[in-house]
Amino acid sequence: MRRRILIGAGLLFVAVGVYVALHGRGRIVRGPTAQQHSIAPDFSLPQLNGQFLQLSAYRGKVVLLDFWATWCTPCREEIPHLVELQNKYRDRGLEIIGVSMDDSPDPVREFYQRFQMNYPVVMGNADIGERYGGVLGLPIAFIIDRDGRIYAKHIGATEASVLEQDVRTVLASQ
Amino acid sequence: MISKRTRRIALAVLISALSAAVFLGQALGQATSIPSSHLINPEDLVKILQATQGEKPLMLQVGSYVLYAQAHIPGSEYVGPVTSEAGMQQLHRQVDSLPKKKFIVLYCGCCPWTHCPNVKPADDALRAMGFTNVKVLYIASNFGADWVEKGYPVAKGQ
């Protein structure tokens, strides 16, 4: 009987292990390669409502700049956490800005409504990707401090708690 | 009467089954379920591209245009994310007139391999159309880390 329990537990362990492996987390880059302490490149890009959003208008706020796409599975998984993060820290000065790397705004508008996103989303392009060091994989999130400097770059799917910790650190530091 | 031990075993098996179901659900339709015989590694593709002899593949990028415009394999053609109907139609259009033995390499690199939603449907579609010499470029993390940063040939723009 004990053997069966061990086999069952073993199967569970393997299944969970494989599942976790398949959902590998991303990496955080700090220091020079993350362009840390460099000023985040300014941009003016169209939002889903057609109005342009300028990053430099957010000086004085902590900005979480999230490069994502509707067809990117880990990006989609992160959105509800970002919505929650925006709700939780808006009053303390957090502003999340999504930069969609979709080819067209139509699926983004639909996604925005369906997931009840509560922060602005702009349509990205190759130029903005290159100015941020090449957005050649999604998602990529930058944490930008109140002076517009890049604090951290998160490449790939990132635990919500890791993003939140960075946000809290930057909010508290200024 | 069901013993306590039996209940424990049943619970362990149930949780295992649920975990396996979640795992399989995620894997189906994703790159991880592509047979290894369909894959080609970046270094092997580079060797083929740099060789003076041998058939050169038609390379199709099935990710987003914004990613393609930043960096793509020289000579590769943009198709778009085949998870959309428009992308799938475009894929069909680009290969429709080709011989079924044509050497085709599909790639994306939008996301880690375990999460790429595009290459598996594209591979399935080409095989369903009768193409017999299709390979999928295995990109473990993303196109930036596994191709550009390795110094392999890159082109930008359209």
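Refer to the structure above for everything that follows.
In what follows, the accompanying structure is described. (Residues numbered from 1 in each chain as written. Chains lettered and ligands numbered in written order. Predicted model: local features only at pLDDT ≥ 70, side-chain atom pairs only at ≥ 80, totals over all residues. Heavy atoms only, no water.)

## Quick notes on the pattern of salt bridges
Residues and elements named next belong to chain A. The tally for this structure, following the rule as stated, stands at nine salt bridges over all chains. With its nearest N and O atoms 2.7 Å apart, the salt bridge here joins E164 to K88. With E164 in helix α5 (residues 160–173) and K88 in helix α2 (residues 73–89), this residue pair connects regions lying 76 residues apart in the sequence. Across the pair D147 and R149 runs a salt bridge, and its minimum N-O distance is 3.4 Å. One network of salt bridges, with partners in common, ties together D145, D147 and R149. (Salt bridge = Lys/Arg side-chain N within 4 Å of Asp/Glu carboxyl O. Helix = DSSP H or I, 4+ residues; strand = E, 2+ residues; numbered from the N terminus.)

## A look at the layout of surface pockets
Empty space among the atoms becomes apparent when a probe as large as a water molecule is rolled across them. Put simply, the largest pocket is a space of about 310 Å³. Taken together, the elements giving at least two residues each to the lining of the largest pocket come down to α3 (105–114) of chain A together with α4 (85–95) of chain B. By residue number, the principal contributor to the lining of the largest pocket is α3 of chain A, which donates four residues. (1 Å grid on protein atoms, 1.4 Å probe; cavity = no way out; pocket = protein on both sides within 12 Å on 5 of 7 lines; lining within 4 Å. Points joined across faces, edges and corners; volume = space filled by probe spheres on them.)

## Some details on the packing of α2 of chain A against α5 of chain A
All names here are of chain A. Interaxial distance between α2 and α5 falls to 11 Å at its minimum, and their mutual angle equals 25°. The angle between α2 and α5 falls in the class roughly parallel. Classified by chirality, the crossing of α5 by α2 is right-handed. Between α2, through H81, L82, L85, K88 and Y89, and α5, the contact on the second element is made entirely by A160, L163, E164, V167, R168 and L171. (Axes fitted to C-alpha atoms, helices over the stretch in contact; angles between N-to-C directions. Parallel < 35°, antiparallel > 145°, perpendicular 65-115°, else oblique. Left-handed = near helix turned anticlockwise from the far one by under 90°. Contact = heavy atoms within 4.5 Å.)

## Quick word on the side chain of D146 of chain B
All names here are of chain B. Summarising the element assignment, D146 is placed in helix α6 (residues 143–148). One buried charged residue, D146, forms no salt bridge at all, with the nearest opposite charge on K150 at 4.8 Å. Reaching out from D146, the side chain makes a polar contact with the backbone nitrogen of A140 at a distance of 3.2 Å. Side-chain polar atoms of D146 contact the backbone nitrogen of S141, separated by 2.4 Å. Apart from the residues lying within four places of it in its own chain, the contact partners of D146 are P42, I139, A140, S141 and Y152. (Buried < 20%, exposed > 50% of the residue type's maximum accessible area, 1.4 Å probe, protein only. Lys, Arg positive; Asp, Glu negative; His and termini not counted. Polar contact = N/O pair within 3.5 Å; in protein donor to acceptor, adjacent residues only side chain to side chain.)

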